[in-house]
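Survey of secondary and tertiary structure
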Amino acid sequence: MVSFHADDFALAVASSKDIIALCRQGKVDSLSVIPNISCFDGCMRLYEEALPSFPHPVTLSVHLNVMEGRPVSNFLSLKDLADGKGLFKVSWLSLLLASFTPWKRGRVRAQLAQELAAQIRRCLGTGLFDREAVCLDSHQHPHHIPVFFDALMDAVASLEKEGCRISCIRCSEDPLLPYLATPALYGKIKLANVIKCAVLNMLSAKVKRGLRKLGITPTYLSGVFFSGAMTEGNLRPVLPKLIALADRKGRPLELLFHPGQVPQEEIASRDEYQKPGFVAASCSPDRAEECRSMAVLRDEFGN
(Lines give C-alpha, C1' and ligand atoms only; values in the text may rest on other atoms or scores of the structure.)
Protein backbone atom coordinates (compact mmCIF):
# COMPACT_ATOMS: atom_id res chain seq x y z
CA MET A 1 0.00 0.00 0.00
CA VAL A 2 1.31 3.47 -0.95
CA SER A 3 0.20 6.48 1.09
CA PHE A 4 0.71 10.11 0.01
CA HIS A 5 1.30 12.13 3.16
CA ALA A 6 1.39 15.91 3.68
CA ASP A 7 3.52 17.04 6.64
CA ASP A 8 3.47 20.17 8.80
CA PHE A 9 -0.22 21.09 8.82
CA ALA A 10 -0.81 23.94 11.33
CA LEU A 11 2.76 25.16 10.96
CA ALA A 12 1.35 28.32 9.38
CA VAL A 13 -2.02 29.44 8.04
CA ALA A 14 -0.86 29.90 4.43
CA SER A 15 0.85 26.51 4.17
CA SER A 16 -2.13 24.82 5.81
CA LYS A 17 -4.41 26.33 3.16
CA ASP A 18 -2.14 24.82 0.49
CA ILE A 19 -2.56 21.40 2.08
CA ILE A 20 -6.33 21.82 2.36
CA ALA A 21 -6.44 22.64 -1.37
CA LEU A 22 -4.68 19.34 -2.11
CA CYS A 23 -7.14 17.51 0.15
CA ARG A 24 -10.03 19.02 -1.83
CA GLN A 25 -8.45 17.69 -5.01
CA GLY A 26 -8.21 14.20 -3.52
CA LYS A 27 -4.40 14.17 -3.62
CA VAL A 28 -3.78 13.55 0.11
CA ASP A 29 -4.21 10.23 1.91
CA SER A 30 -2.95 11.43 5.29
CA LEU A 31 -1.52 14.53 6.91
CA SER A 32 0.37 15.45 10.08
CA VAL A 33 -0.87 18.17 12.42
CA ILE A 34 1.59 20.15 14.56
CA PRO A 35 -0.08 20.63 17.98
CA ASN A 36 2.03 23.35 19.56
CA ILE A 37 2.18 26.31 17.18
CA SER A 38 -0.03 29.32 17.93
CA CYS A 39 -2.03 29.03 14.70
CA PHE A 40 -3.18 25.49 15.62
CA ASP A 41 -6.77 26.40 16.56
CA GLY A 42 -7.30 28.56 13.49
CA CYS A 43 -5.87 25.95 11.14
CA MET A 44 -8.04 23.22 12.63
CA ARG A 45 -11.13 25.39 12.14
CA LEU A 46 -10.16 25.83 8.49
CA TYR A 47 -9.73 22.08 8.16
CA GLU A 48 -13.10 21.33 9.77
CA GLU A 49 -14.87 23.82 7.49
CA ALA A 50 -13.25 22.26 4.40
CA LEU A 51 -13.80 18.64 5.45
CA PRO A 52 -17.17 18.14 3.68
CA SER A 53 -15.51 19.06 0.35
CA PHE A 54 -12.91 16.26 0.50
CA PRO A 55 -13.63 13.49 -2.05
CA HIS A 56 -12.24 10.79 0.25
CA PRO A 57 -11.27 10.48 3.94
CA VAL A 58 -7.91 11.86 5.05
CA THR A 59 -6.16 10.25 8.02
CA LEU A 60 -4.92 12.75 10.61
CA SER A 61 -1.68 12.08 12.48
CA VAL A 62 -0.30 13.95 15.49
CA HIS A 63 3.01 15.55 14.47
CA LEU A 64 4.75 15.55 17.85
CA ASN A 65 7.04 18.55 18.03
CA VAL A 66 9.74 19.47 20.54
CA MET A 67 12.03 21.10 17.99
CA GLU A 68 10.17 24.36 17.42
CA GLY A 69 7.67 26.52 19.27
CA ARG A 70 6.37 26.26 22.81
CA PRO A 71 5.30 23.27 24.91
CA VAL A 72 1.62 22.45 25.29
CA SER A 73 2.17 21.41 28.92
CA ASN A 74 3.58 23.71 31.62
CA PHE A 75 7.08 24.68 30.47
CA LEU A 76 8.17 25.34 34.07
CA SER A 77 8.19 21.56 34.62
CA LEU A 78 10.24 20.96 31.47
CA LYS A 79 13.58 22.32 32.63
CA ASP A 80 15.58 20.09 30.27
CA LEU A 81 13.39 20.79 27.23
CA ALA A 82 12.42 24.47 27.35
CA ASP A 83 14.23 27.73 28.08
CA GLY A 84 13.17 30.56 30.38
CA LYS A 85 11.00 32.11 27.66
CA GLY A 86 9.04 28.89 27.32
CA LEU A 87 10.52 27.94 23.94
CA PHE A 88 11.88 24.49 23.18
CA LYS A 89 15.67 24.43 23.39
CA VAL A 90 16.47 20.81 22.55
CA SER A 91 18.11 19.45 19.41
CA TRP A 92 18.51 16.03 17.87
CA LEU A 93 22.02 15.81 19.30
CA SER A 94 21.04 16.86 22.83
CA LEU A 95 18.26 14.23 22.92
CA LEU A 96 20.58 11.58 21.53
CA LEU A 97 23.20 12.39 24.17
CA ALA A 98 20.54 12.31 26.90
CA SER A 99 19.68 8.78 25.78
CA PHE A 100 23.14 7.65 26.86
CA THR A 101 23.60 9.88 29.92
CA PRO A 102 22.41 7.84 32.93
CA TRP A 103 21.93 10.75 35.35
CA LYS A 104 19.87 12.70 32.80
CA ARG A 105 17.96 10.09 30.82
CA GLY A 106 15.20 9.39 33.35
CA ARG A 107 14.49 13.08 33.90
CA VAL A 108 14.32 13.85 30.17
CA ARG A 109 12.16 10.78 29.55
CA ALA A 110 9.61 11.88 32.18
CA GLN A 111 9.46 15.44 30.81
CA LEU A 112 9.07 14.21 27.24
CA ALA A 113 6.31 11.79 28.23
CA GLN A 114 4.42 14.62 29.92
CA GLU A 115 4.68 16.89 26.88
CA LEU A 116 3.97 14.22 24.25
CA ALA A 117 0.81 13.12 26.06
CA ALA A 118 -0.30 16.76 26.29
CA GLN A 119 0.24 17.31 22.56
CA ILE A 120 -1.74 14.18 21.68
CA ARG A 121 -4.57 15.19 24.01
CA ARG A 122 -4.72 18.65 22.43
CA CYS A 123 -5.24 17.09 19.00
CA LEU A 124 -7.84 14.65 20.32
CA GLY A 125 -9.64 17.56 21.94
CA THR A 126 -10.53 18.98 18.52
CA GLY A 127 -12.88 16.05 17.91
CA LEU A 128 -11.36 15.62 14.44
CA PHE A 129 -9.03 12.76 15.35
CA ASP A 130 -10.21 9.17 15.76
CA ARG A 131 -9.61 8.20 19.40
CA GLU A 132 -9.95 4.54 18.41
CA ALA A 133 -7.22 4.77 15.77
CA VAL A 134 -4.68 7.44 16.78
CA CYS A 135 -1.73 7.94 14.40
CA LEU A 136 1.56 9.46 15.57
CA ASP A 137 4.75 10.77 14.01
CA SER A 138 7.22 13.50 14.92
CA HIS A 139 8.70 16.70 13.55
CA GLN A 140 12.22 15.89 12.27
CA HIS A 141 11.81 12.23 13.36
CA PRO A 142 13.20 12.43 16.95
CA HIS A 143 10.93 9.54 17.96
CA HIS A 144 13.72 7.32 16.60
CA ILE A 145 15.98 8.59 19.40
CA PRO A 146 15.93 6.01 22.23
CA VAL A 147 14.92 8.31 25.11
CA PHE A 148 12.20 9.93 22.98
CA PHE A 149 10.78 6.58 21.87
CA ASP A 150 10.70 5.31 25.46
CA ALA A 151 8.90 8.50 26.50
CA LEU A 152 6.46 8.06 23.64
CA MET A 153 5.68 4.53 24.82
CA ASP A 154 5.04 5.95 28.31
CA ALA A 155 2.66 8.53 26.85
CA VAL A 156 0.93 5.87 24.76
CA ALA A 157 0.42 3.70 27.85
CA SER A 158 -1.20 6.57 29.75
CA LEU A 159 -3.49 7.41 26.82
CA GLU A 160 -4.56 3.80 26.40
CA LYS A 161 -5.72 3.89 30.03
CA GLU A 162 -7.96 6.79 28.98
CA GLY A 163 -9.59 4.69 26.27
CA CYS A 164 -7.46 5.70 23.29
CA ARG A 165 -6.02 3.17 20.86
CA ILE A 166 -2.85 3.81 18.87
CA SER A 167 -3.17 2.36 15.38
CA CYS A 168 -0.01 3.67 13.67
CA ILE A 169 3.33 5.23 14.53
CA ARG A 170 5.61 6.27 11.70
CA CYS A 171 8.73 4.18 11.14
CA SER A 172 11.12 6.64 9.47
CA GLU A 173 13.13 3.94 7.72
CA ASP A 174 13.96 5.29 4.25
CA PRO A 175 15.73 2.34 2.54
CA LEU A 176 18.95 3.46 0.87
CA LEU A 177 19.50 0.64 -1.60
CA PRO A 178 16.77 1.55 -4.13
CA TYR A 179 18.18 5.10 -4.44
CA LEU A 180 21.81 4.00 -4.63
CA ALA A 181 20.89 1.39 -7.25
CA THR A 182 19.33 4.02 -9.53
CA PRO A 183 22.02 5.60 -11.77
CA ALA A 184 19.64 8.39 -12.87
CA LEU A 185 19.86 9.80 -9.33
CA TYR A 186 23.63 9.84 -8.92
CA GLY A 187 24.00 13.56 -9.62
CA LYS A 188 21.24 14.34 -7.13
CA ILE A 189 22.52 12.46 -4.09
CA LYS A 190 23.36 14.65 -1.07
CA LEU A 191 25.77 13.19 1.45
CA ALA A 192 23.95 14.87 4.37
CA ASN A 193 20.71 13.08 3.46
CA VAL A 194 22.50 9.74 3.05
CA ILE A 195 23.88 10.18 6.58
CA LYS A 196 20.39 11.10 7.92
CA CYS A 197 18.97 7.96 6.34
CA ALA A 198 21.74 5.80 7.73
CA VAL A 199 21.26 7.14 11.28
CA LEU A 200 17.46 6.82 11.21
CA ASN A 201 17.64 3.35 9.67
CA MET A 202 20.08 2.21 12.34
CA LEU A 203 17.85 3.56 15.12
CA SER A 204 14.73 2.06 13.52
CA ALA A 205 15.44 -1.40 15.00
CA LYS A 206 14.17 -0.29 18.41
CA VAL A 207 11.17 1.45 16.84
CA LYS A 208 10.19 -1.64 14.87
CA ARG A 209 10.38 -3.83 17.97
CA GLY A 210 8.17 -1.40 19.86
CA LEU A 211 5.64 -1.19 17.04
CA ARG A 212 5.34 -4.94 16.75
CA LYS A 213 4.66 -5.17 20.49
CA LEU A 214 1.73 -2.81 19.87
CA GLY A 215 0.55 -4.94 16.94
CA ILE A 216 1.51 -2.24 14.41
CA THR A 217 3.15 -3.13 11.09
CA PRO A 218 6.20 -0.85 10.53
CA THR A 219 6.08 1.32 7.43
CA TYR A 220 8.79 2.26 5.00
CA LEU A 221 9.19 6.00 4.50
CA SER A 222 10.36 7.95 1.47
CA GLY A 223 11.05 11.53 2.44
CA VAL A 224 14.43 11.62 4.17
CA PHE A 225 16.73 10.78 1.25
CA PHE A 226 15.12 13.58 -0.76
CA SER A 227 14.34 15.80 2.22
CA GLY A 228 13.26 19.17 0.85
CA ALA A 229 13.22 17.85 -2.71
CA MET A 230 10.39 15.32 -2.96
CA THR A 231 9.83 16.20 -6.61
CA GLU A 232 8.51 14.27 -9.57
CA GLY A 233 11.92 14.37 -11.24
CA ASN A 234 13.64 12.85 -8.21
CA LEU A 235 10.99 10.28 -7.33
CA ARG A 236 9.84 8.92 -10.67
CA PRO A 237 13.04 6.90 -11.40
CA VAL A 238 13.06 5.21 -7.97
CA LEU A 239 9.43 5.00 -6.94
CA PRO A 240 8.70 1.65 -8.69
CA LYS A 241 11.67 0.13 -6.82
CA LEU A 242 10.46 1.48 -3.47
CA ILE A 243 6.95 0.15 -4.09
CA ALA A 244 8.32 -3.25 -5.10
CA LEU A 245 10.47 -3.42 -1.94
CA ALA A 246 7.53 -2.51 0.31
CA ASP A 247 5.31 -5.10 -1.39
CA ARG A 248 7.99 -7.77 -1.06
CA LYS A 249 8.44 -7.04 2.66
CA GLY A 250 4.70 -6.70 3.33
CA ARG A 251 5.10 -3.16 4.68
CA PRO A 252 3.16 0.01 3.76
CA LEU A 253 5.10 2.75 1.98
CA GLU A 254 4.58 6.35 3.11
CA LEU A 255 5.63 9.12 0.71
CA LEU A 256 6.33 12.19 2.82
CA PHE A 257 5.83 15.59 1.19
CA HIS A 258 5.96 19.16 2.53
CA PRO A 259 3.55 20.76 0.06
CA GLY A 260 2.71 23.94 1.96
CA GLN A 261 4.84 27.05 1.53
CA VAL A 262 5.14 29.49 4.45
CA PRO A 263 5.31 33.21 3.61
CA GLN A 264 8.32 34.94 5.13
CA GLU A 265 6.08 37.57 6.73
CA GLU A 266 4.06 34.94 8.59
CA ILE A 267 7.15 33.32 10.08
CA ALA A 268 8.69 36.72 10.87
CA SER A 269 5.61 37.76 12.85
CA ARG A 270 6.15 35.12 15.55
CA ASP A 271 9.07 33.99 17.71
CA GLU A 272 8.15 30.29 17.56
CA TYR A 273 10.58 29.42 14.77
CA GLN A 274 14.12 29.42 16.15
CA LYS A 275 16.28 27.42 13.77
CA PRO A 276 17.45 29.30 10.64
CA GLY A 277 17.67 26.15 8.52
CA PHE A 278 14.09 25.24 9.33
CA VAL A 279 12.84 28.74 8.51
CA ALA A 280 14.62 28.71 5.14
CA ALA A 281 13.19 25.28 4.28
CA SER A 282 9.66 26.28 5.28
CA CYS A 283 9.75 29.40 3.12
CA SER A 284 11.47 27.73 0.17
CA PRO A 285 9.75 27.96 -3.23
CA ASP A 286 10.70 24.29 -3.63
CA ARG A 287 7.61 23.50 -1.57
CA ALA A 288 5.43 24.62 -4.46
CA GLU A 289 7.15 22.00 -6.63
CA GLU A 290 6.56 19.38 -3.94
CA CYS A 291 2.89 20.35 -4.02
CA ARG A 292 2.71 19.90 -7.81
CA SER A 293 4.69 16.65 -7.70
CA MET A 294 2.51 15.19 -4.97
CA ALA A 295 -0.61 15.80 -7.06
CA VAL A 296 0.88 14.31 -10.25
CA LEU A 297 2.36 11.22 -8.59
CA ARG A 298 -0.75 10.58 -6.48
CA ASP A 299 -2.76 10.25 -9.70
CA GLU A 300 -0.29 7.75 -11.11
CA PHE A 301 0.83 5.71 -8.10
CA GLY A 302 -1.92 6.23 -5.51
CA ASN A 303 -4.09 3.37 -4.35
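Look up: the structure comes first, before these words.
For every chain, the first residue of the written sequence is number 1, and numbering continues from 1 onward in sequence order. pLDDT decides what is reported in this predicted model: residues at 70 or higher carry local features, side-chain atom pairs at 80 or more are listed and counted, and totals for whole chains, interfaces and linings draw on all residues regardless. The side-chain values count all of the structure's non-hydrogen atoms but skip hydrogen atoms and water molecules.

1. Comments concerning the state of the cysteines
Going by this rule: The disulfide criterion is simple: two cysteine sulfur atoms within 2.5 Å. Every helix listed is a DSSP run of H or I at least four residues long, and every strand listed is a run of E at least two residues long, numbered separately from the N terminus. The rule is simple: take the accessible area with a 1.4 Å probe, protein chains only, and divide by the maximum for that residue type; under 20% is buried, over 50% is exposed, in between is partly exposed.
Inspection of every chain in the model, using the stated rule, returns one disulfide. A sulfur-sulfur separation of 2.0 Å characterises the disulfide bridge that pairs Cys135 with Cys168. Taking the torsion about the sulfur-sulfur bond, which here is approximately 125°, the covalent link between Cys135 and Cys168 counts as right-handed. Here Cys135 is found in strand S4 (residues 134–138), whereas its partner Cys168 is found in strand S5 (residues 166–169), with 33 residues between them in sequence. On the basis of relative accessible area, Cys168 is assigned to the partly exposed category, the value being 27%. Among the cysteines around Cys123, which has no disulfide bond, Cys164 carries the closest sulfur, lying 12 Å off.

2. Details of the pattern of salt bridges
Operational definition: Note on definitions: salt bridges are taken to be side-chain nitrogens of Lys or Arg within 4 Å of carboxyl oxygens of Asp or Glu.
Here the structure, examined in full by the defined rule, presents 18 salt bridges. Arg170 serves as the salt-bridge partner of Asp7, at 3.4 Å between the closest nitrogen and oxygen. On the criterion of sequence distance, the pair formed by Asp7 in strand S1 (residues 2–9) and Arg170 in the loop between S5 and helix H6 (176–180) is long-range, its members being 163 residues apart. Accessibility classification places Asp7 together with Arg170 in one group, the buried group. Here Arg107 and Asp80 are joined by a salt bridge, their closest N and O atoms 2.7 Å apart. Taken together, the residues span a long stretch of sequence, with Arg107 in helix H4 (residues 102–124) and Asp80 in the loop between strand S3 (59–64) and helix H3 (92–99) at a distance of 27 residues.

3. Observations concerning the layout of surface pockets
Selection rule: Two kinds of site are reported from a 1 Å grid over the protein atoms alone, namely cavities, where a 1.4 Å probe fits but cannot get out, and pockets, open sets with protein on both sides within 12 Å along at least five of seven lines, and residues are called lining when an atom falls within 4 Å of a point. Grid points are joined across faces, edges and corners, and a volume is the space filled by probe spheres set on the points. The nonpolar class holds Ala, Val, Leu, Ile, Met, Phe, Trp, Tyr, Cys and Pro. Asp, Glu, Lys and Arg form the charged class, and all remaining residues, Gly among them, are polar.
Considered as a void within the structure, the largest pocket measures approximately 710 Å³ in volume. Gln140, His141, Lys196, Ser227 and His258 are, among the 28 residues lining the largest pocket, the residues nearest its centre. Counting residues per element, the ones that place at least two in the lining of the largest pocket are S1, helix H7 (191–213), helix H11 (276–283) and helix H12 (286–301). No other element matches H7, which puts five residues into the lining of the largest pocket. Tallied by class, residues from the lining of the largest pocket come to nine nonpolar, eleven polar and eight charged. At the level of secondary structure, the elements contributing two or more residues to the lining of the second largest pocket comprise S1, S3, S4, S5 and strand S7 (253–257). A per-class count over the lining of the second largest pocket returns nine nonpolar, nine polar and five charged.

4. Structural notes on the packing of H3 against helix H5 (residues 146–161)
Filter applied, for reference: Think of each axis as a best-fit line through the C-alpha atoms, taken over the contacting stretch in the case of a helix, with angles from 0 to 180 degrees between the N-to-C directions. Any angle between 65 and 115 degrees counts as roughly perpendicular, while under 35 counts as roughly parallel, over 145 as roughly antiparallel, and the rest as oblique. Two residues qualify as a contact provided that any one of their heavy atoms is within 4.5 Å of a heavy atom in the partner residue.
Contact pair H3 / H5: the axes reach a minimum separation of 7 Å and the direction vectors enclose 80°. The angle between H3 and H5 falls in the class roughly perpendicular. Between H3, through Leu95, Leu96 and Ser99, and H5, the contact on the second element is made entirely by Pro146, Val147 and Phe148. For the contact of H3 with H5, a count of residues per class yields five nonpolar, one polar and no charged.

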